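Structural overview for review
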Amino acid sequence: MYRLLGRAAAGWWVGLALVAGGVAGAQSAVPADAAMKADAAAKAADVVVFKNGDRLTGRLERGAGNSIVFKSDMAGEITIPLDQVKQFDANGSFAVLRKDEPVKSVTEARKIVPGTVSYSDGTLAVAPPVVGAPVLVPEAQIANIIDAKTYAKETGRSTWLDGWSGAVNGGATIVRATDYGETLSAGVGLVRTMPQVSFLPARNRTTFNLQETYGKLTSPVIPATGAPAAVTLTSIFHADAEQDEYFTPRVYALEQTAFDHNYSQGLKLQQVYGGGLGWTVLKSDKQELDLKGTAQYEMQQYIASSGTPDQNIIGSTLSEAYRRNLPRKLVFTESVNVLPAWNETRDYSANGSVGLAMPVFKRLSLQVTTTDNYLNDPAIGYKKNSYQFVTGVSYALK
């Protein structure tokens, strides 16, 4: 009897020991598995070794000229000059553009094959995805380092829904005093440049602009002065669209159309359809200057009550547009358009605009714009010139 109880007790102790050992083994397996995953992640991370011996792990994002953009969990996204780097190795696939071999077209860009990159002793090595000798690029000749996914997207085919950016704007003035008045202004400006990145030559550009200013001022009868009641209307509308196709990074062919209505000039509708050439004189991250010239057909329709006959005009548009990014993210824009008429020389017109956008919060900006429209041969009894100074709010779409 005692022997049987002893054997049973021994069996229980052995079972408990096995269970405890299994639990301990499971617990020790968890850290071991986590350690293996951490080790694999460390091996997959990109590593930058600085000349002073420091190391930084993370992910190579991109590069431009003598610097790379590197993102790590410890430091976030930082820009690192290559003259401070001894070496780095990146696991991702990247396309490398050279300064001494500039890409002049999207067709040429598609011939560049992305590969894994590494840097050492002032030279960047690009290993092809198939077996072959790496391409060596001296540090002084590095123009851009772009991840393969972005590069494929920018050099591939696009639809009309891709690449649009721009802003909508609006403003209002309301008066309730001796006179009753309100002036409303609203507009939208859109642009689509393909490819969307600066490191590839532009292929085409599409722009669309629409702006409307409407106002009504009512002057009631004032018995003390005997002045009669009067109502004054303001209506200024402009819309234009343009398609540019680039021959070179700076020269392009263009086709455009524009529509204008201006009550103060007795202009019911002015329609413009034309085409010509454009030249980007200046282009950098800070500023851009474009000059354009077109040949066009133009129709001027006047308010019927003025008795002025409509005009069919063969003319041109000579224009200049300038944009500059100022400190504190201010944006200055300026444009001038002169429209000579070759068959009816009196019917020339011109317009100019100057604007300043000041950021307020995220995508919201305060916008101040001044615009002048001149029509040399307005409807009978109407003004040649109209001027606007508009302050409003602008919201960036992208």
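Note: the structure precedes this text.
Cut-offs applied
Residues numbered from 1 in each chain as written. Predicted model: local features only at pLDDT ≥ 70, side-chain atom pairs only at ≥ 80, totals over all residues. Heavy atoms only, no water. Phe/Tyr/Trp six-rings, centres within 6.5 Å; stacked < 30°, edge-to-face > 60°. Helix = DSSP H or I, 4+ residues; strand = E, 2+ residues; numbered from the N terminus. Buried < 20%, exposed > 50% of the residue type's maximum accessible area, 1.4 Å probe, protein only. Lys NZ or Arg CZ within 6 Å of the ring centre and 35° of its normal. Pairing = 2+ DSSP bridges. Axes fitted to C-alpha atoms, helices over the stretch in contact; angles between N-to-C directions. Salt bridge = Lys/Arg side-chain N within 4 Å of Asp/Glu carboxyl O. Contact = heavy atoms within 4.5 Å. Core = buried A, V, L, I, M, F, W, Y, C linked by side-chain atoms within 4.5 Å. Patch = residues over 30% accessible without salt bridge, like charges linked within 9 Å, V, L, I, M, F, W, Y side chains within 5 Å. Areas by Shrake-Rupley, 256 points an atom, 1.4 Å probe, with all protein chains shown as cover.

1. Description of the packing of aromatic side chains
Per the stated rule, a full pass over the model turns up 6 aromatic pairs. Measuring from ring centre to ring centre gives 6.0 Å for Phe259 and Tyr273, while their planes differ by 85°; the resulting arrangement is edge-to-face. Taken together, the positions of Phe259 in strand β15 (residues 251-262) and Tyr273 in strand β16 (residues 267-283) put the pair 14 residues apart, joining distant regions of the chain. By relative accessible area, which is 37% here, Tyr273 ends up partly exposed. Sitting over the ring of Tyr252, Arg205 keeps its end group 5.2 Å from the ring centre.

2. Digging into the sheet that holds strand β11 (residues 164-176)
The strand order β11-β12-β13-β14-β15-β16-β17-β18-β19-β20-β21-β22 describes a closed barrel built from 12 strands, whose pairing is antiparallel. Averaged over neighbouring strand pairs, the angle between their axes works out to 20° when direction is ignored. As defined by bridge partners, strand β12 (residues 180-194) adjoins strand β13 (residues 204-219) across 15 bridges and the pair is classed as antiparallel. By the bridge assignment for β13, Gly189 is matched with Asn209.

3. Thoughts on the pattern of salt bridges
When charged atoms on two side chains of opposite charge get close, those side chains can pair. One pass over the full model with this rule turns up 10 salt bridges. For Glu101, the salt bridge is made with Arg98, and the minimal N-O distance between the two is 3.9 Å. Classification of Glu101 by relative accessible area gives exposed; the value is 52%. A relative accessible area of 19% places Arg98 in the buried class. Among the charged side chains, a network of salt bridges with common partners joins Arg205, Asp244, Glu288 and Asp290.

4. Thoughts on the side chain of Asn373
The residue Asn373 is located in strand β21 (residues 364-375) in this model. Among the residues examined, Asn373 registers a relative accessible area of 15% and is labelled buried. Excluding anything up to four places from it in sequence, Asn373 contacts Ile236, Asn262, Gln265, Ala350, Asn351, Lys384, Asn385, Ser386 and Gln388.

5. Here's the deal with the nonpolar core
Grouped together as the largest cluster of nonpolar side chains are 20 residues, with contacts concentrated most on Val48, Leu60, Ile68, Ile80, Phe88, Val117 and Leu124. Elements that contribute at least two residues to this core include exactly β1 (46-50), β2 (55-64), β3 (67-72), β5 (85-89), β6 (94-98), β7 (116-120), β8 (123-127) and β10 (142-147). With residues up to four places along the chain from it excluded, the contact list for Phe88 reads Val47, Val48, Leu60, Ile68, Leu82, Val117, Ser118, Tyr119 and Leu124. The next biggest cluster of nonpolar side chains, apart from the first, holds 10 residues, and it includes Leu97, Ala109, Ile146 and Phe199.

6. A look at the pairing of β7
Residues Val117 and Tyr119 line the buried face of β7, whereas the alternating positions Thr116, Ser118 and Ser120 sit on a face that is not buried. As defined by bridge partners, β5 adjoins β7 across 3 bridges and the pair is classed as antiparallel. By the bridge assignment, Phe88 is partnered in β7 with Tyr119. Examined bridge by bridge, β7 and β8 share 5 bridges and lie antiparallel to one another. Across the sheet, the residue bridging to Val117 is Val126, located in β8. Here β7 hands over to β8 after 2 residues, with Asp121 in that stretch at a positive phi of 55°.

7. Notes on a nonpolar patch on the surface
A cluster of nonpolar side chains, contributed by Val168, Val360, Phe361, Leu364, Leu366, Val393, Tyr395 and Leu397, occupies part of the molecular surface with about 670 Å² of accessible area. Breaking the nonpolar patch down by element, the ones donating at least two residues are β20 (349-361), β21 and β22 (385-396). Position of Val168 among the secondary structure elements: in strand β11.

8. What about unusual backbone geometry?
In this chain, Met194 is followed by Pro195 through a cis amide linkage whose omega measures -5°. Mapped onto the secondary structure, Pro195 falls in the loop between β12 and β13. Phi at Asp121 takes a positive value of approximately 55°, unusual for a residue other than glycine. In this structure, Asp121 sits in the loop between β7 and β8. Judged by its relative accessible area of 70%, Asp121 falls in the exposed class. The backbone of Lys329 shows a phi angle near 65°, a positive value even though the residue is not glycine. The topology assignment puts Lys329 in the loop between β18 (311-325) and β19 (331-339).

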